[in-house]
Amino acid sequence: MKKLTSTLALLALSTSMHTLADETQDGPTVLLWGDTHLHTNLSPDAYVNKNTNVDPDTAYRFAKGMPVMSDDTRAKVRLHTPLDFLAVTDHAEYAGVPKMLWDGDEELANTKTGARYIEMIKNGKGTDVFFELIGDVNASKPNKELHSQRVRDTVWKQIYEAAEKHNEPGKFTTLIGWEWSSLPNGANLHRVVFMPEGGDVAGQFTPYSAFESDRPEDLWNWLEKTAEETGANFVAIPHGSNISNGLMFQNVDSDGNAITAEYAKTRMRWEPVIEITQIKGDSETKGTLSPGDEFADFETYEHLIKTGDGEEEDHGEMDEAANYVRTALMRGMEIEQKVGVNPYKAGVVGSTDAHTGLASAEEDNFWGKFSLDSKPEGKDLEGAPGVTGWDMSASGLAAVWAKENTREAIVDAFKRKEVYGTSGPRIKLRVFAGYEFKDKDAESADLANIGYDKGVPMGSDLPPAGKRDKPQLLIQAVKDPVDANLDRVQVVKGWVDDSGKAQEKVYNIVWSGDRKMASDGSIDAVGNTVDMETGLYTNDIGTEQLTAVWEDKDFDPKERAFYYVRVLQIPTPRHTLYDSIALGKEHPEEYDAVIQERAYSSPIWYTPE
């Protein structure tokens, strides 16, 4: 049975210490948990949706496991399990503007627009202010009265100074960053950007915003130029691809030209990792794209970031495959076959995108997308037309295999893609690929060293095969010590067939209990212990650990391929069930009350000689 909240903080602290002490190896083997995508009251949309109090300093204290005050309820809140690292990534567009207006900044308040916004916020029309600001971003036309260099520099300094204050090498890492919020006609092309350097480097530039350009190519050019001038070792992470309206992973560049080798090299230099899951839904795949995957359509969210007119905009025919990560991985191999470079050869992480300043992806300790929906009675309120707190997913954690808990080591792990994502639980996941693993390696206490010695870790390229070689994956998945048992481990394979078309297949590899695999490769559901009246569940089903050495018997050494691992938990209550019970009302039928949380490894790629 799920343990009571009051015991979890102590368990979390002891678990974290055990992990750091237990995993020291020759390789990069310290497992760190963090969030690379968090907004505070400096983000305009966060502020106008009632996060008026949780600033970067509060956000870092919450991530460290300290109790802080919730912005709206003023109740004491605390993470069950502290994070190891955090990047506060407020929007570069109009950062701090609503807060400074409300705080009485004379220069802003004396502008025509500023005075009007103050009156609107006073009259409870903050959401309307939000839509006006979003409209400027959609159109990439900043209001010059609000988009001043003074405001931008003032807010940026507050952000990087808070990060400097809370960075504790070896204990807790802060990554200085921001969000580039490109939103052409409501299509989400956002990237979070962070770096390992400190305030001395951050103070040399102003974060690049979508008001400078909403084209990713221009962002990459700016990163290149600024890196040369300052020494910043930037990482940019595309996210929310599920609501990109078919633009995030296209076959063409922003001008509609076919992707070239140069484009692919540039994109991979700056964007080694994709965010696969977060509060605004999961971006792995959909049933329409992966009809053979019974676990597709997980936490689906398809609401574009509209401008408040209440009507769906006509964006024409959408390239749905460009919205999801699995099809991007497949498309990347097809492009590589034509131009020689893969533009979508990326690892994956999860992160929250919370706008409450509270980095929690815990179903029973979820503080919503916005402060507006942070409490159960706010679930019905619309943060955008037709979108409420019931639509949101308590999702997104980044797991990093790093040599130590420092800025440099964490960014190095992102660069080499030895990272993975989960929908919230801290499922420990090891994946290595090679050709010489033995079945007994999966049971070894020295699994990590065997993996590094005989193979390559997640995020890597598997060397070419010999004539009789077949790729193997060495896999270890261990449940979150304070969460639910595991159901199964699956391998997702993508490959390019003789016609140049990418294909996909999901394999059930190892699972809990005595279930038998059917002739079509399927296995029965694990069961469900969730009590719909109390929100409790038991760990009487599932298992604590699953390990395997899997060999690809369908392998063709002439075909390029990728492999990634998906780990499923047993069913547990979704955050909406907890809130429904708290409200004393029936759970809305149109939303899932039970969820199978999961972890996604970064892929490993095979390329023929």
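Each value, and the rule that gives it
- Residues numbered from 1 in each chain as written.
- Predicted model: local features only at pLDDT ≥ 70, side-chain atom pairs only at ≥ 80, totals over all residues.
- Heavy atoms only, no water.
- Patch = residues over 30% accessible without salt bridge, like charges linked within 9 Å, V, L, I, M, F, W, Y side chains within 5 Å.
- Areas by Shrake-Rupley, 256 points an atom, 1.4 Å probe, with all protein chains shown as cover.
- Salt bridge = Lys/Arg side-chain N within 4 Å of Asp/Glu carboxyl O.
- Lys, Arg positive; Asp, Glu negative; His and termini not counted.
- Charge placed at Lys NZ, Arg CZ, Asp CG, Glu CD.
- Buried < 20%, exposed > 50% of the residue type's maximum accessible area, 1.4 Å probe, protein only.
- Axes fitted to C-alpha atoms, helices over the stretch in contact; angles between N-to-C directions.
- Helix = DSSP H or I, 4+ residues; strand = E, 2+ residues; numbered from the N terminus.
- Parallel < 35°, antiparallel > 145°, perpendicular 65-115°, else oblique.
- Contact = heavy atoms within 4.5 Å.
- Nonpolar A, V, L, I, M, F, W, Y, C, P; charged D, E, K, R; others polar.
- Pairing = 2+ DSSP bridges.
- Expected span 1.5 Å × (residues − 1).
- Polar contact = N/O pair within 3.5 Å; in protein donor to acceptor, adjacent residues only side chain to side chain.
- Left-handed = near helix turned anticlockwise from the far one by under 90°.
- Arc of directions from axis to C-beta.

Undergrad: Describe a negative patch on the surface, and please don't skip the residues or the numbers.
TA: Negative charge collects at one region of the surface, where Asp 531, Glu 533, Glu 586, Glu 589 and Glu 590 lie side by side. In this structure Asp 531 comes out as partly exposed when scored by relative accessible area, which is 34%.

Undergrad: I'd like to hear about the packing of helix α6 (residues 112–122) against helix α7 (residues 126–139), residue by residue, with values.
TA: Pairs of packed helices are described in terms of their axes, by the angle between the two and the distance that separates them. Interhelical geometry of α6 versus α7 gives an angle of 140 degrees and a closest axis separation of 7 Å. In terms of orientation, α6 lies oblique with respect to α7. Facing Arg 116, Tyr 117, Met 120 and Ile 121 of α6, the residues of α7 in contact are Gly 126, Asp 128, Val 129, Glu 132 and Leu 133. Partitioned by chemical class, the residues of the contact of α6 with α7 number 5 nonpolar, 1 polar and 3 charged.

Undergrad: Would you mind going over the environment of Leu 101 in detail, with residue names and values included?
TA: Mapping Leu 101 onto the fold places it in helix α4 (residues 97–102). Judged by relative accessible area, Leu 101 falls into the buried class, the value being 3%. C-alpha of Leu 101 to C-alpha of Ile 121: the two residues are 20 residues apart in sequence and 9.9 Å apart in space. When sequence neighbours within four positions are dropped, the list of residues in contact with Leu 101 reads Leu 108, Ala 109, Gly 114, Tyr 117 and Ile 118.

Undergrad: So what's going on with the pairing of strand β19 (residues 486–496)? Residues and values would help.
TA: Counting buried positions along β19 gives 11 out of 11 residues, so the element sits mostly inside the fold. Here β19 pairs with strand β22 (residues 561–569) via 9 bridges, running antiparallel. Bridge pairing in β22 links Val 492 to Tyr 564. Summarising the sheet, β19 and strand β20 (residues 502–511) pair through 9 bridges and their orientation is antiparallel. Considered in β20, the bridge of Val 496 is made with Ala 502.

Undergrad: Describe α7, and please don't skip the residues or the numbers.
TA: With 14 residues, α7 should cover 20 Å at 1.5 Å per step; its first-to-last C-alpha distance of 20 Å lies within 8% of that length. Turning to α7, its buried residues number three or more, namely Gly 126, Val 129, Phe 130, Phe 131, Leu 133, Ile 134, Asp 136, Val 137 and Asn 138. Looking at the buried residues of α7, the elements they touch are α2 (44–48), α4, α6 and β11 (382–384).

Undergrad: A description of the pairing of strand β4 (residues 85–88) should follow, citing residues and the corresponding values.
TA: Neither face of β4 is left uncovered, since the one carrying Phe 85 and Ala 87 and the one carrying Leu 86 and Val 88 both have all their residues buried. Across 3 bridges, the pairing between strand β1 (residues 30–38) and β4 is parallel. Each residue of the ladder has a partner; that of Asp 35, found in β4, is Leu 86. Of the strand pairs in this sheet, β4 and strand β5 (residues 173–180) are connected by 4 bridges, and their pairing is parallel. Opposite Ala 87, over in β5, you have Leu 175 as the bridge partner.

Undergrad: An account of the side chain of Thr 538 is requested, with residue identities and associated values reported.
TA: Within the fold, Thr 538 resides in the loop between β20 and β21 (545–551). Judged by its relative accessible area of 19%, Thr 538 falls in the buried class. Within polar-contact distance, the side chain of Thr 538 engages the side chain of Asp 540 at 3.1 Å.

Undergrad: How would you sum up the pattern of salt bridges? Please name residues and give values.
TA: Across all of its chains, the model carries 41 salt bridges by this definition. The residue Asp 441 makes a salt bridge to Lys 454 at a minimum N-O spacing of 3.0 Å. Of this pair, Asp 441 sits in the loop between β15 (428–434) and α14 (447–454) while Lys 454 is found in helix α14, placing the two residues 13 residues apart along the sequence. Ionic contacts of the salt-bridge type, sharing partners, join the residues Glu 284, Asp 293, Arg 326, Glu 504 and Arg 566 into one network.

Undergrad: Before we move on, could you go through the packing of helix α3 (residues 56–63) against helix α8 (residues 149–166) and cite the residues and values that matter?
TA: Packing of α3 against α8 leaves a shortest axis separation of 9 Å and a crossing angle of 30 degrees. Here α3 lies roughly parallel to α8, going by the angle between them. For the pair α3 and α8, the crossing hand works out as right-handed. Taking contact as the criterion, the partners of Pro 56, Asp 57, Tyr 60 and Arg 61 in α3 are, on α8, Gln 158, Ala 162, Ala 163, Lys 165 and His 166. Of the residues contributing to the contact of α3 with α8, the split by class is 4 nonpolar, 2 polar and 3 charged.

Undergrad: Kindly report on α6, identifying the contributing residues and their values.
TA: The set of residues buried in α6 consists of Thr 113, Gly 114, Tyr 117, Ile 118, Met 120 and Ile 121. Down the axis of α6, the buried set is contained in an arc of 165 degrees. They therefore lie on one face. When the buried face of α6 is taken as reference, the exposed residues oriented beyond 90 degrees from it are Lys 112 and Lys 122. For α6, the elements touching its buried residues are α4, α5 (106–109) and α7. Following α6 by one or two positions, Gly 124 adopts a phi angle in the positive range, close to 75 degrees.

Undergrad: Tell me about the environment of Asn 242, and please be specific about residues and values.
TA: Note that Asn 242 resides in the loop between β7 (235–238) and α11 (261–270). Spatially, the C-alpha atom of Asn 242 lies 9.5 Å from that of Ala 321, the residues being 79 residues apart in sequence. Leave out the neighbours within four places in its chain, and Asn 242 touches Lys 280, Gly 281, Asp 282, Ser 283, Tyr 301, Asn 323 and Tyr 324.

Undergrad: Residue-level account of the sheet that holds strand β10 (residues 347–350), with values.
TA: Spatially, 3 strands are ordered β9-β8-β10 in an open sheet, and the strand pairing comes out mixed. In the strand order of this sheet, the two ends are held by β9 (281–282) and β10, each with one partner. Pairing geometry for strand β8 (residues 273–278) and β9, over 2 bridges, is antiparallel. What sits directly across from Thr 277, in β9, is Asp 282.

Undergrad: Lay out the side chain of Asp 552 in plain terms, naming residues and giving numbers.
TA: Mapped onto the elements of the fold, Asp 552 is located in the loop between β21 and β22. Residue Asp 552 is classed as buried on the basis of its relative accessible area, which comes to 0%. At 3.0 Å, the side chain of Asp 552 forms a polar contact with the backbone nitrogen of Asp 554. Filtering out sequence-adjacent residues up to four positions away, Asp 552 remains in contact with Lys 470, Pro 471, Lys 493, Tyr 507 and Tyr 563.

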